Amino acid sequence: MKLRILLVALAAAGGATAVVAGVLAASDLAGSWQHAARYTARFAFLVFVVVYGASAWHRLAPSAASRFAMRNRRSLGLAFATAHSVHLAALIAFLRARNEVPDVLTLVVGGGAFVTMYVLAATSTDAAVRRLGPSRWKKLHRFGVHYLWFVFAFTYLGRLAEDAVFFAPFAALAVGVFALRLVARRSRGEARPPVVVGAG
Ligand code: HEM
C-alpha cells in the first residue's frame, strides 16, 4: 500500500514538473498550456509503456526490474492514471485559454479513453476482480490498455508528418511495446517466471 502511494505521489510530482516546464516554455497563456499538454502526455506515455509492456518484458527478459513492474502493475497503472489526469487538466486549461472546443471525434475517442482509464483505475482492486470475476476483469483491462495504447500510437504516428525526427522515438516506442506483446504472446507456452498475481 505504501509503495502504491509512493508511485502515485511520484507520478503526480512528474506531472506537476511537466506542467511547470510547459508553462515556462512559452510566453503566452495558450502556448504555455499547449506545451504543458504536450509534456504531460509525454511523461504519462513513459509510465504507460511500463504498464502496457510489463508482462511481455517479464516473460521475455525476466529480471528484478521486470518482476517489480509485473508485481506492481496495478499500482503503476494508478500512477499512470494520475499522470494522465494532469494531461487532462492541462488540456482543459489550454482549451479554455483558446476558448476552443475539441472536434467531435477527439471528444468521443479521447474522452472515451479517459473514461476507460478511470474505469480501469476504479477496478484495480482485488474486490473488483472478485466482483467481476477474473475472466471478465481481464477482458475489461485488456480492452482498456489496448484502447489507451491506440490513442498514444495514433497520436505519435500522426505527428511523424509534423516532425519525423523528433517524434520517431515516441512512435517507435509505441509500436515497439506492441510488438513486444506480440512476441511474448507467441512465446506463450514456454516456461514463465513465477509472478504474484493480484499484488501491487
Ligand atoms: C478529449 C480528449 C483530449 C484532448 C482534447 C487532448 C488534447 C491535447 C492537446 C491540446 C495536446 C497538445 C497538442 C499540440 O501539441 O498542439 C495533446 C497532446 C497529446 N495528447 Fe492529448 N488530448 C486528449 C486525450 C488524450 C488521450 C486520451 C491520450 C492518450 C491516451 C492523449 C495523448 C496525447 C499525446 C500523446 C499528445 C502529444 C504529446 C507530444 O507532443 O509529445 N490525449 N492532447
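Residues numbered from 1 in each chain as written. Predicted model: local features only at pLDDT ≥ 70, side-chain atom pairs only at ≥ 80, totals over all residues. Heavy atoms only, no water.

Observations concerning the environment of Ala12
Put simply, the test is: Helix numbering and strand numbering both begin at the N terminus, where a helix is a DSSP run of H or I of at least 4 residues and a strand a DSSP run of E of at least 2. Each residue gets one of three labels from its accessible area relative to the maximum for its type: buried under 20%, exposed over 50%, partly exposed in between, using a 1.4 Å probe on protein chains only.
Here Ala12 lies in helix α1 (residues 2-24). On the basis of relative accessibility, which here comes to 34%, the residue Ala12 falls in the partly exposed class. A sequence separation of 71 residues divides Ala12 from Ala83, and the C-alpha atoms of the two residues are 5.7 Å apart.

Quick notes on unusual backbone geometry
Unusually for a residue other than glycine, Asn99 sits at a positive phi of about 55 degrees. Its location among the elements puts Asn99 in the loop between α4 (73-98) and α5 (104-122).

Some points on the packing of aromatic side chains
For the record, the criterion: Under the pairing criterion, centres of Phe, Tyr and Trp rings, with the six-membered ring standing for Trp, must be within 6.5 Å; the plane angle then separates stacked pairs below 30 degrees from edge-to-face pairs above 60, leaving the rest tilted. A positively charged side chain is recorded as over a ring if its NZ (Lys) or CZ (Arg) lies within 6 Å of the ring centre. The angle to the ring normal must also be within 35 degrees.
Throughout the structure, instances matching the rule amount to 15 aromatic pairs. Ring geometry for Trp149 versus Phe178: centroids 4.6 Å apart, planes at 25 degrees, classification stacked. With Trp149 in helix α7 (residues 134-159) and Phe178 in helix α8 (residues 164-186), the pair connects residues that are 29 residues apart, well separated along the chain. These aromatic residues form a ring-pair network of at least three members: Phe45, Phe48, Tyr52, Phe80, Trp149, Phe152, Tyr156, Phe166, Phe167, Phe170 and Phe178. The side chain of Arg181 reaches across the aromatic face of Tyr52, ending 4.4 Å from its centre.

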